[in-house]
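# Close look at the chain arrangement
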Amino acid sequence: MPTREVRWERMFPDELEAAFQQCPLAYLPYGLCEPHGPQNTLGMDALRAHAASCLAAAAHGGIVAPPFYWHIHEHGGYGTWAHRRVGDARPWLTAIPSWMFFKNMFYHIRAVDALGFHGAILFSGHSGPHHADVPKFLDMLQSHVDVRLFCIIGAGAPESRFPDDKGMGGHAGRGETSLLWATDADCVDLSRMPASDAPGPHFAMGDEVETSSRRAGEQMVADLVQLMGAKSKQLLEDYAKSQPKRAPLTFERVEAIWEAEIRPQLKTFASMQSGTESPPEDSRWYANWHVPDRG
Ligand SMILES: [Zn+2]
C-alpha cells in the first residue's frame, strides 16, 4: 500500500479534503468474489482493481472509493460459463443481475458528480459480456453529469509482459494470477494448485498458471498505473474545457433517467442476452440462466 493514504474509507476528513483540493478525481473499483482457481483468493477482481487504483492515486493524485464487491453473474453467458468452469459443488459467487449492477453504478456516479469530482475512472476487474456494455452505459450517462468518465474492464494491462507468446491464460490464468501476486502477494499461493492429473473443474482455474510470474505482474501493474495517470490527466483537462452545469442529479432524477433512457435499452446490452447454450436443467446454474426482459 502507498504511504500517502488514498483510500476514501481510511482517510480523516482533513486528508480527504486536501486530496480532493489537489486532484478532484475518483477511482471506482469493481469486482466480485467468484472462483478464481485454488491458487487465488476469491476477491481477485476487486482486490487488484482496488490495489492498482490506489497505486495510481498515490502516483498521480485522486481518491479511491470503497470497492464494490457485488457484480454481474449467473444469468445468460455467465451461467453457461459457471456450469462449465465452476460446476455445482462449489458455487461461491457474490452475484447480482446486470440491471442491478448498472443501477448501482449509476448511483455511484451520481454521488461523485454531486460531490464535485471532475473525473472518475471506473475499473471493473471482473470481465464478461458487460465488457461491451459499460462504455456504452457511460456514454449514455455522460450528458447528465459534469464528472468526466472513463472505464477499464478486465485485466486492464495494456499488453502481456510474459516473455513467451502463450497469452494471459484467460480467467484465473497466469495473467490474472500474476497481477494479483504483484498487488496482493498474500492472496496468491501456487502451492494450492491441483496435481496435473487431478480431475476438474478446478474452481475455474485458467491456463498456464504454473508459469505465473510476480515480476511480469509488477510490470503489467506499472503499465496500468501509467495508463490510469494519463487518463486521469485527460479527464481533468476535458472537465476544464467543458461547461459544467453544477446541478447534481437528485435520486428522483436518476430514477427518471433510468426509466426513460436506460431501461428501454437494457435489452440491447450484451450482459442481458441469454444466449443459445443453456446449462442443463439439473444444473444449479439453470434457474437464473434465462435473462428476463426488463425493458
Ligand atoms: Zn477475475
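Per chain, residues are indexed from 1 in the order of the written sequence. Local features in a predicted model are, by the rule used here, given only for residues with pLDDT of at least 70; side-chain atom pairs are given and counted only at 80 or more, and totals for whole chains, interfaces and linings are based on all residues. With hydrogens and water stripped out, all remaining heavy atoms of the structure feed into the side-chain values.

Strands are runs of DSSP state E lasting at least two residues, helices are runs of H or I lasting at least four, and both sets are numbered from the N terminus onward. Looking only at helices and strands, the protein has eight helices and six strands in total. What you see in the protein, going N to C, is helices and strands ordered as α-β-α-β-β-α-β-α-β-α-β-α-α-α. Along the three orthogonal principal directions, the C-alpha set of the protein runs to about 60 × 45 × 35 Å. Counting over 295 residues, the protein shows a buried share of 48%. Partitioning the contacts of the protein with sequence separation of at least 6, the portion at a separation of at least 24 is 81%. For the area figures, the Shrake-Rupley method with a 1.4 Å probe applies, and any residue is considered shielded solely by the protein chains shown. Within the structure as shown, the protein displays about 13800 Å² of accessible surface, and the carbon and sulfur contribution to it stands at 52%. Lys and Arg are tallied as positive, Asp and Glu as negative. Neither His nor the chain termini are counted. Positions of charges follow a simple convention, taking NZ of Lys, CZ of Arg, CG of Asp or CD of Glu. Charged side chains in the protein number 27 positive and 36 negative. The centres of these two groups are separated by 4 Å. Burial classes follow relative accessibility: with a 1.4 Å probe on protein chains only, a residue under 20% of its type's maximum area counts as buried, one over 50% as exposed, and anything between as partly exposed. The contact criterion used is simple: two residues touch if any of their non-hydrogen atoms lie within 4.5 Å.

Time to look at the packing of helix H2 (residues 44–60) against helix H7 (residues 214–241). Simply put, an axis is a line fit to the C-alpha atoms, just over the touching stretch for a helix, and the angle between two N-to-C directions goes from 0 to 180 degrees. Contact pair H2 / H7: the axes reach a minimum separation of 9 Å and the direction vectors enclose 55 degrees. For the element pair H2 / H7, the angle class is oblique. For the element pair H2 and H7, the recorded crossing hand is right-handed. Here Ala52, Ser53, Leu55, Ala56, Ala59 and His60 of H2 lie close against H7, whose contacting residues are Val221, Leu224, Val225, Gln226, Met228, Gly229 and Ser232. Taken together, the residues of the contact of H2 with H7 sort by class into eight nonpolar, five polar and no charged. Note on angle classes: values under 35 degrees are labelled roughly parallel, values over 145 roughly antiparallel, values of 65 to 115 roughly perpendicular, and the remainder oblique. Handedness of each helix crossing follows the sense of rotation of the near helix against the far helix: counterclockwise by less than a right angle gives left-handed, clockwise gives right-handed. Residue classes follow a fixed rule: Ala, Val, Leu, Ile, Met, Phe, Trp, Tyr, Cys and Pro count as nonpolar, while Asp, Glu, Lys and Arg count as charged, and any other residue, Gly among them, counts as polar.

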